[in-house]
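# Chain and residue survey
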Amino acid sequence: MRRTLVKKLIIHLVLLTLGAAMVLPFLWMVSTSLKGYHEVFRYPPRWIPDEPQWRNYLEVWKLAPFGRFYVNSTIVAVITTAGQVLTGVLAAYAFARMEFAGRDQIFMLFLATLMVPTQVTLIPTYIVMSRMGWIDSYKSLIVPFLATAFSVFLLRQFFLTIPKELEEASIMDGCSKLRFIFAVIMPLSKPAISSVALFGFLGSWNSYLWPLIVINSNQMRTLPIGLRYFVSQQGGGSEWHYLMAASLIVMLPVLIVFFLAQKQFIEGIAKSGIKG
Amino acid sequence: MANVRLKNITKRFGSVTAVNNVCLDIPHGKVTALLGPSGCGKTTILLMLAGIYKPTEGEIYFDDLQVNGIPPQLRNVGLVFQSYALYPHMTAFENIAFPLKLKKLPKAEIQKRVEEIAEVVQIGDLLDRKPGQMSGGQQQRVALCRALVKKPDLLLLDEPLSNLDARLRLETRAEIKRIQQELGITTILVTHDQVEAVTMADQVAVLKAGVLQQYGTPKELLEQPANLFVASFLGDPPMNLLQGELEYQEGRCYFRSGRSLRLPVPPLAAKGLQKSPGQKLILGIRPEHLTITWERGRAPWRGKVFLVEFLGRDKLLDFRFGDQSLRVLVPATFPVERGEVLGIEPQVEHLHIFDPQTGLALTGPPEGLRACSDHEPA
């Protein structure tokens, strides 16, 4: 009894420390976003600003076309996510359930792409985009990310745990393969699909390097690039309070999605890992 | 309704032969059981009938139609899986309605037919539940409904009782039989449990290692097993099998086993045998076909009770002759003590004699349902 109590105490202490380490920068961000220009660098630093500057958030909207960035980011992230789920489900089903020559080899090859760093493919992909004439358009932000090895892998592992009899039953019921995927596999794979969707959404939403390269016009920029408005071009004093306020605005949708879906999100990763 | 005919069906998975040259004529409107130990190919046959597997060789006929190339959804066959394979995210109603929905039937028609079949199977009150909220027996009924709602010509049941507990098994057994009779549907069930096969089926096909051993009514299989495998696989408690040889003395025939067991073989049973002394044989008799007699003089066999097993309604007496044992079934009220010496009288008409080499029965071929005519027994 006592032992388990001590054990629990230690576990929770470790968890709390780690949790604090994760959450402190975020809290510091919130704090900074509410400070005035001069308060940001005051020494010793203070957690609670003397007078919370709520108008920082309004200023941010005025200083940069954030509305436009929001629309851009949303369009790109939503289509990318939907694409990743769709291609992921179809490919994962093929790798998990269909039999064809070289299936496992192709899957291995697919997985191997996970080991190629993004930086390596950056230039070739740019050249492809450029030849297609897609530079500075949504297409260049979306199309290269419509399929990922990660989503295929995660979904395949999950599909493998779905009993084969279900498919045989559906065949007996007169169900086509595609119909089976949409009517049975997908509803049963909600946890895995929500993880894939969340990862896809996060990846697209937070993407910085790629949009920086393929987007030239102000209109087409996404939120992470938009944040650069508050980083001083001369390398001198950035307007940190605005930058932090803007960053919080950028993070907000992700935070909300995670809070709403965290249960399914964790379940999806845990479940697809067990039988992997 | 359909007569189902399997003609020289063979199924290989790579180098493994799961089903080997099986021929069966399955009459319509009856229940047929495919019985055998696990890995005997019975489920493979079922899935070939469903169309999920394709036979490597041979033909399957529904009436006069060769169905080898017909895909499962066009065969009009209902299949209930061992695991039930209900769609976990759908309610019972949605599960049952699924095949009709795929046929694009109008909503009202679907509603009507689901309710109809739910009434027959008596699950009307479960239609709103999801599989996770139902017991195994209830899930099985839903699965049965899903298979029946299409009004199939043929109903296939894969181990229908194996996932149920003992009490529920008894109930479901009767229930399936009732539904089958109510609908008059040709039914084929796969089972490894001989009691299940014998109680539910009108005829039973016994399989071992992909080869058909015998096909007949439960009565025929119990009374005239074609070989040692069928004799030992069916019946509870199992048949006594004694190894020994024939001996002739003063014109009478004896069965000798080891040093301590010497049984006179009744003339009736000895009739079909070659009269060659020293011929090795296996003698089989079921425990219920042995009678205890008090008149020792009259009893052809005598033995000492080694063990008394109480079975509830009956007692099973175990006699030992050397290293061979002979079990006799007596009523539970029968007064007997361990160590008593009793006379045993075999019911002559129930003696079976087998060739130990081939395992085949030597006491006349069983008469009954035959596998299809051009089938050559291996």
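Keep in mind the model is a prediction, meaning the values are calculated, not measured.

Parameters and conventions
Residues numbered from 1 in each chain as written. Chains lettered and ligands numbered in written order. Predicted model: local features only at pLDDT ≥ 70, side-chain atom pairs only at ≥ 80, totals over all residues. Helix = DSSP H or I, 4+ residues; strand = E, 2+ residues; numbered from the N terminus. Buried ≥ 20, exposed ≤ 12 C-beta atoms within 10 Å, placed from the backbone. Contact = placed C-beta atoms within 7 Å. Pairing = 2+ DSSP bridges. Axes fitted to C-alpha atoms, helices over the stretch in contact; angles between N-to-C directions. Core = buried A, V, L, I, M, F, W, Y, C linked by C-beta atoms within 7 Å. Domains from an automatic or database assignment. Parallel < 35°, antiparallel > 145°, perpendicular 65-115°, else oblique. Left-handed = near helix turned anticlockwise from the far one by under 90°. Nonpolar A, V, L, I, M, F, W, Y, C, P; charged D, E, K, R; others polar.

Bringing the overall build of chain B into the picture now. When you go through chain B residue by residue, the secondary structure sums to 9 helices and 20 strands. Expressed as a percentage of its 378 residues, the buried residues of chain B come to 40%. By sequence separation, contacts in chain B at least 24 residues apart represent 66% of the contacts at least 6 residues apart.

This part takes up the overall build of chain A. On a plain count of helices and strands, chain A comes out with 13 helices and 0 strands. Secondary structure elements of chain A, listed N to C terminal, follow the sequence α-α-α-α-α-α-α-α-α-α-α-α-α. Along the three orthogonal principal directions, the C-alpha set of chain A runs to about 70 × 70 × 30 Å.

Glancing now at the interface of chain A and chain B. With 13 residues of chain A at the contact, the number on the chain B side is 15 residues. At the level of secondary structure, the elements contributing two or more residues to the side of chain A that touches chain B comprise α8 (164–172) and α9 (177–188) of chain A.

This part covers the sheet that holds strand β13 (residues 261–264) of chain B. Residues and elements named next belong to chain B. Read across the sheet, 5 strands follow the order β13-β12-β11-β14-β20 without closing on themselves; strand pairing throughout is antiparallel. Each end of this open sheet is capped by a strand with a single partner; those strands are β13 and β20 (352–354). Along the sheet, successive strands turn relative to each other by an average axial angle of 40 degrees, direction set aside. Two elements, strand β11 (residues 240–249) and strand β12 (residues 252–257), share 5 bridges in a ladder whose sense is antiparallel. Bridging from a neighbouring strand, Glu245 pairs with Arg256 of β12.

Turning our eyes to something else, we now look at the nonpolar core. In this structure, B:Leu49, B:Ile96, B:Cys145 and B:Leu156 are the most contacted members of the largest nonpolar core, which totals 136 residues. Tallying contributions element by element places helix α3 (residues 66–97) of chain A first for this core, with 8 residues. Shared between two domains, this core takes at least three residues from each, and those domains are domain 1 (4–233) and domain 2 (240–354) of chain B. B:Cys145 has contacts with B:Ile96, B:Ile117, B:Ala118, B:Val121 and B:Ile123, leaving out every residue within four places of it along the chain.

Let us look at helix α2 (residues 92–102) of chain B. Residue and element names in this part refer to chain B. By the criterion of burial, α2 is predominantly enclosed, with 8 of the 11 residues buried. Of the residues making up α2, those classed as buried are Ala92, Phe93, Asn95, Ile96, Ala97, Phe98, Pro99 and Leu100. Check the buried side of α2 and you find it contacts α3 (107–121) and α4 (136–148). Positive phi appears at Lys104, one or two residues downstream of α2, with a value of about 60 degrees.

As a further point, take the environment of A:Trp210. Residue and element names in this part refer to chain A. Within the secondary structure, Trp210 sits in helix α11 (residues 209–214). Of the residues examined, Trp210 has 19 C-beta atoms within 10 Å and is grouped as partly exposed. Along the chain, Trp210 and Lys8 lie 202 residues apart, while their C-alpha atoms are 45 Å from each other.

What follows covers the packing of α2(B) against α4(B). Residue and element names in this part refer to chain B. The N-to-C vectors of α2 and α4 enclose an angle of 25 degrees; their axes lie 7 Å apart at closest approach. Our classification of the angle between α2 and α4 gives roughly parallel. Crossing geometry of α2 relative to α4 is assigned as right-handed. Across the interface between the two elements, Ala92, Asn95, Ile96, Phe98 and Pro99 of α2 pack against Val142, Cys145 and Arg146 of α4.

Strand pairs in the sheet, formed through backbone hydrogen bonds, run parallel or antiparallel to each other. All names here are of chain B. Here 4 strands make up an open sheet; going across it, the order is β2-β1-β4-β5 and the pairing antiparallel. The open sheet has two edge strands, β2 (16–26) and β5 (65–66), and neither has a second partner. Pairing geometry for strand β4 (residues 57–62) and β5, over 2 bridges, is antiparallel. Residue pairing for β5: Phe62 is matched across the bridge by Leu65.

In most cases, non-glycine residues show a negative phi, while peptide bonds are predominantly trans. Residue and element names in this part refer to chain B. Residues Asp236 and Pro237 are joined by a peptide bond in cis, for which omega reads -5 degrees. One can find Pro237 in the loop between α8 (228–233) and β11. Within the chain, Glu159 stands out as a residue other than glycine whose phi angle is a positive 45 degrees. Position of Glu159 relative to the elements: it lies in the loop between β7 (154–158) and α5 (166–183).

Quick look at the domain arrangement of chain B now. Residue and element names in this part refer to chain B. If you check the domain split of chain B, you get domain 1 (4–233) and domain 2 (240–354). Distance between the C-alpha centres of domain 1 and domain 2: 40 Å. Contact residues are listed per partner, giving 5 residues for domain 1 and 5 residues for domain 2. By residue class, the composition of the side of domain 1 that touches domain 2 is 3 nonpolar, 2 polar and no charged.

The next point concerns the pairing of strand β19 (residues 341–346) of chain B. Within a regular strand, side chains alternate between the sheet's two faces. Residues and elements named next belong to chain B. When strand β15 (residues 290–293) meets β19, the two strands line up antiparallel, connected through 4 bridges. When the sheet's bridge partners are listed, Leu290 is paired in β19 with Pro346. Note: strand β16 (residues 301–310) against β19, 4 bridges, orientation antiparallel. The residue of β19 that forms the bridge with Gly303 is Leu342.

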